[in-house]
Structure formats: structure tokens, C-alpha cells
Amino acid sequence: MSTKPVVRFAPSPTGYLHLGGARTALFNYLFARGHGGKFLLRIEDTDRERSSAEATAAILDGLRWLGLDWDGQVVYQSQGVERHRLAASRLMEQGDAYRCFCPPEVLARKRELAISEKRDPLYDGACRKLSNAESDKLAASGKKFAVRFRTGEGRTTFDDLVHGRIGADNSTLDDFIIQRSDGTPTYMLAVVADDIEMGITHIIRGDDHISNTPKQILLYRALGRPVPRFGHVPLILGTDKKRLSKRHGATSLTEYREQGFLAPALFNFLALLGWSPGDDREIMSADELTAAFELSGINTRNAIFDPRKLEWMNGQYISRTDNETLLSLVRGQFESEGLLAAARDENHLLAALELAKERCRVTGELVSRSRFFFPVEIEYDPQAVKKIWKGEAPRYLASVKEVLAGVDHWSEAALENAIRALAENLQIGAGKLIQPIRLSVTGTNVSPGIFETLAVTGKELALQRIENALATLG
Ligand code: GLU
């Protein structure tokens, strides 16, 4: 790219940051960072009624959590109203826009009629023909007016960076309103005026804006500015192919954070939601994604959001995260479960996490998978009891207890040697010993390797659990 791109994420602060918005932000971020450009943030808060400070805070917070640090100050669209008004005036002076004095009720009636007659409800141009003198006179008399863009004839096309050539006949675009009768700019004008002001070179946003693009292109041209490149990103659908919504579960970034998803996992997952590096890589760091990201890799078809894949990916990230970081994330939960108090020391906690982190989907599972490493009460899984606690199991476990009581140096290797030697003496497979040990120590039939599990649990607690199993399982 000859010049460095300047892109922006431009959310309307009318709700939380949802997955679709976060992905749009991420694509902009990756594109900017990958090309040495700038990633700007603009809060489109001109709709005072629907915008809120909480929503703005939630969006900023979500972006920060995900690691999408933007360049420069946040731009608030509401602070540019004066500039928007100047742009509207300029367009009027040039004859590219005109005052429309049609009362809203008249417009509504015409609209309804058009719909009932199955015509497109476009503006009929009643005020388009007013002379400047007539228009000035009406305005001076205090009559209210909106400002409409004079769309004109022809066809407006652009080469979308994702979809290729897209176009619309100007006759379908309407003489759209750029300034309301209360003097506020419409989205169409504000977005163009701001993108010009911010020097935006590439507009990467959702497919739902495709139909706005020809109108915006006409505004750029009328304002005498180069038209930026556009890339429209397809929607995110649920596995039922319906547009992603609350029905599919959590849709806000904050909910995912609260449910125990890690920011780098979501970063990675969202990047692959509708974009592909062109090979079969799946686990990719922010740096790798930045290096690989190209707009041409965005899929033209809608992306399918598979929550199970996100859980799998989150699990991959949990297992690769260092134990100290994991502990800082779950310390509160460990505390309320009594595990902090029960642990011998910090190393005991870290060693438990090292084993527990292997098969978790969300960080909350680190707690349930760590419990048995600490002297707290555990329950026996009835299914596991049924599977394991039969035949010779109690007798084997009794022998195990004696052998383990004699192990002085309580290490993984010493434990393994002792148990394997016992299995040989009894002339049975080691599994016949290991499963009853697992049941008694963890309460389940699945756990990390039994020797490392025993080593982390500690001698005293392990022997206690075995005794307890012998006494209570009968
Ligand atoms: N504020 C608009 C939205 O949230 C985005 C505008 C744009 O990207 O052009 O949908």
C-alpha cells in the first residue's frame, strides 16, 4: 500500500459492544496495524435520545479488554455538529442540496400512498423545483425546512474490497435528507463529514451499510473530496443461519468476559469469524493475525458463529496461559470456594492450576477441576463409583494405601515406581490400581495423570482420601 491507511471504528453508543461490532473493530485494527496505519475511534452519538454514557463506557471498556488500542483521542460525533452544518450549507450554496419545506404529515401521507400502490416511497421532488429566491423567502418567513441532497441522474458504483463491484441507479437513491428541520445532521451527512475530517482512507464496516455507500459517495464527490475505499463485512449468523441475537446465547463482549473467556481467545476467534489466513492455521497470536490479515481474505458469505468452537479455542488459550496469570483471574473464585485458605501455599495453588488447566473451556472450570487438590470435602461421582468400585477394587486400594504410606519422598517418579511395583507384585495391570486411586482422590474417573495428581495433592491428604473411600464406599 503506497500511503498508510487510516481507518476507524464508528459505533453508535446505543447498547453494549456486541460480537459483530467487536469483529468490525478488530478487522479495522488488524488492517491498520498490519499496514502501519492508524486505527481511530469515533463514537456516533448524534442521536441524543438513543445514546448513553453507559453504552459509550461499555464500548471503550470492551475494546480495551480485547486489546484494540486506538490511536489518538476518541472522537465524539456530537462535537462536530457545527462542521456538519457547514457542510450542509456548502452543499446548498453549490446547488447540490436544497431546502425541503414539505410538512412531515404530507410526506407521511405520500409515503403511505406510494406503498399502497406498490411504488418505492421516494421523495416526489416537490421542493426540488423551488427557485433560490422562493426558498430564501420561505426560510426567512420562519417556515421549517429539512435539507435534501440533490441526487441527480446516473449510476453510482464502487469496487468493494470484499464483494467486488457494487452499484445503484441514482434514481433509487432518493433525494435523501442530510439535515433535519431541527438543524441536526443525519447519519448520512455526519458520517461523511467526519470521515473527511479524520482523513479516513478505508471504511471497513458491516454489510448492513452497503446500501448507504452510493449516497455517501455522492456526498464525497459533491464536497470535492477523494472517495475512500469501502469493504463491507458479511453478517454473523447463528448455527441455525439466523442473524446472531440473544437467542443464540451471550452476544456482548462483557458477558463473555464474565463467563470466563480470555481476551486473546476472543481476539483470535473473532478474527477467524469470516476471515481466513488462507491456510489451516487456527490458533494465532495477535502478532500473527496482524501479519496475516488482508481484506481479500474476508469471506463474501455470512459467517457462522459456533459457540463450541469458541469454547474449544478458549480451552486452548487457557492451557497455554501461565499459572500466575490464571491464578490472578480466578483468585476471587478460589477464595469464595475456600481453596485459598485450604492451600498449603502459593506453589500449591500454582501446581494445581498447572494440572487443572488442561481440559477447561472457561476459567470457572479451573475451580471445579482444582478442588480435589486441596483439603476440602469432595463428592464421589455416582457413575464413577459404579464403574470403578467393584470386584477387587477395595482390596487393591487397601494395598495401595499401605504402599503409599511407605513412600517418603513424595514425588511423581517415586509414586509411579511404587504403584507399578505393587501392580507387578499383584500381577495385575497398573490400571486396576490407578482407577480406584483416582476415584478416592478426585471423586471421579477422569483427572490429570494420577501420579502428578497425587504429587500435587500431597501425602497427608491423599492418604486421608484413600482411607475415607475405604470407609465410606464400603
Ligand atoms: N454508527 C454506525 C453503526 O453503528 C456505523 C457507521 C459506519 O461505519 O459508517 O452502525
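Residues numbered from 1 in each chain as written. Predicted model: local features only at pLDDT ≥ 70, side-chain atom pairs only at ≥ 80, totals over all residues. Heavy atoms only, no water.

**With respect to the sheet that holds strand β8 (residues 177–179)**
The strand order across the open sheet built from three strands is β4-β5-β8, with neighbouring strands paired in antiparallel fashion. Both outer strands of the open sheet, β4 (97–100) and β8, are each paired with one neighbouring strand and no more. Between one strand and the next, the sheet's axes are offset by a mean angle of 45°, whatever the strand orientation. Sheet topology places β4 next to strand β5 (residues 146–149); four bridges connect them, and they run antiparallel. Following the sheet pairing, Cys-100 is matched in β5 by Ala-146. (Pairing = 2+ DSSP bridges. Helix = DSSP H or I, 4+ residues; strand = E, 2+ residues; numbered from the N terminus. Axes fitted to C-alpha atoms, helices over the stretch in contact; angles between N-to-C directions.)

**A few points about unusual backbone geometry**
Within the chain, Lys-118 stands out as a residue other than glycine whose phi angle is a positive 60°. With respect to the element layout, Lys-118 can be found in the loop between α4 (104–116) and α5 (132–140). On the basis of relative accessibility, which here comes to 78%, the residue Lys-118 falls in the exposed class. (Buried < 20%, exposed > 50% of the residue type's maximum accessible area, 1.4 Å probe, protein only.)

**Concerning the packing of aromatic side chains**
Taken as a whole and judged by the stated rule, the model has 12 aromatic pairs. For the ring pair Phe-101 and Phe-145, a centre distance of 5.7 Å and an interplane angle of 65° mean the geometry is edge-to-face. Note that Phe-101 is positioned in the loop between β4 and α4 and Phe-145 in the loop between α5 and β5, a separation of 44 residues in sequence. Here Phe-101 falls in the buried class, since its relative accessible area comes to 6%. Arranged with centres 6.4 Å apart and planes meeting at 75°, the rings of Phe-334 and Phe-374 form a pair that is edge-to-face. Within this pair, whereas Phe-334 is found in helix α12 (residues 323–336), its partner Phe-374 is found in the loop between α15 (364–368) and α16 (382–388), the two being separated by 40 residues in sequence. The residues Phe-334 and Phe-374 share a single accessibility class, namely buried. What links up through ring pairs into an aromatic cluster is the set Tyr-256, Phe-261, Phe-269 and Phe-305. (Phe/Tyr/Trp six-rings, centres within 6.5 Å; stacked < 30°, edge-to-face > 60°.)

**Section: the environment of Tyr-220**
Relative to the elements of secondary structure, Tyr-220 occurs in helix α7 (residues 213–222). Classification of Tyr-220 as buried rests on a relative accessible area of 2%. Each C-alpha atom of the pair Tyr-220 and Val-192 lies 6.9 Å from the other, and the pair is 28 residues apart in sequence. Ignoring sequence-local partners within four residues, the contact set of Tyr-220 consists of Val-192, Asp-195, Ile-196, Ile-203, Arg-225, Pro-226, Val-227, Pro-228 and Phe-230. (Contact = heavy atoms within 4.5 Å.)

**What to know about the pattern of salt bridges**
Evaluation of the coordinates by the stated rule reveals 30 salt bridges. Note that Asp-136 is salt-bridged to Arg-99, the shortest N-O span being 3.0 Å. Taken together, the residues span a long stretch of sequence, with Asp-136 in helix α5 and Arg-99 in strand β4 at a distance of 37 residues. With a relative accessible area of 18%, Arg-99 lands in the buried category. For Glu-117, the salt bridge is made with Arg-119, and the minimal N-O distance between the two is 2.7 Å. According to the relative accessible area criterion, Glu-117 is partly exposed, its value standing at 43%. A network of salt bridges, in which partner residues are shared, links Arg-8, Arg-42, Glu-44, Arg-83, Asp-194, Asp-195 and Glu-197. (Salt bridge = Lys/Arg side-chain N within 4 Å of Asp/Glu carboxyl O.)

**Structural notes on the site of the ligand**
Close contacts around the ligand come from Arg-8, Ala-10, Pro-11, Ser-12, Glu-44, Tyr-187, Val-191, Arg-205 and His-209, and that covers them all. Interatomic distance of 3.0 Å between a side-chain N/O atom of Ser-12 and a nitrogen atom of the ligand. Measuring from an oxygen atom of the ligand, one finds a side-chain N or O atom of Tyr-187 at 3.0 Å. Contact with the protein chains hides 80% of the accessible area of the ligand, taken as 300 Å² for the molecule alone. Of the residues belonging to the shell around the ligand, the class tally is four nonpolar, two polar and three charged. (Near = heavy atom within 4 Å. Polar contact = N/O pair within 3.5 Å; in protein donor to acceptor, adjacent residues only side chain to side chain. Areas by Shrake-Rupley, 256 points an atom, 1.4 Å probe, with all protein chains shown as cover. Nonpolar A, V, L, I, M, F, W, Y, C, P; charged D, E, K, R; others polar.)

**What to know about the side chain of Asn-445**
Residue placement: Asn-445 occurs in the loop between α19 (431–442) and α20 (450–457). Here Asn-445 is in contact with Asp-381, Ala-384, Lys-387, Ile-388, Gln-435 and Arg-438, once residues within four sequence places are set aside.

**Observations concerning the packing of α12 against helix α14 (residues 346–356)**
Contact geometry for α12 and α14: axes closest at 10 Å, N-to-C directions at 105°. It follows from the interaxial angle that α12 and α14 lie roughly perpendicular. Along the contact surface, α12 presents Asn-323, Glu-324, Leu-326, Leu-327, Val-330, Arg-331 and Phe-334, while α14 presents Glu-346, Leu-349, Leu-350, Leu-353 and Glu-354. Considered class by class, the residues forming the contact of α12 with α14 number seven nonpolar, one polar and four charged. (Parallel < 35°, antiparallel > 145°, perpendicular 65-115°, else oblique.)

**A short note on the sheet that holds strand β1 (residues 6–9)**
Judged by pairing direction, the sheet is parallel, and its three strands sit side by side in the order β1-β2-β3 without closing on themselves. The open sheet has two free edges, formed respectively by β1 and β3 (75–76), since each of these has just one partner strand. Across the sheet, helix α1 (residues 19–34) is in contact with β1 and β2 (38–43); its angle to β1 comes to roughly 165°. Helix α2 (residues 53–66) rests against β1, β2 and β3 of the sheet, and its axis sits at about 160° to β2.

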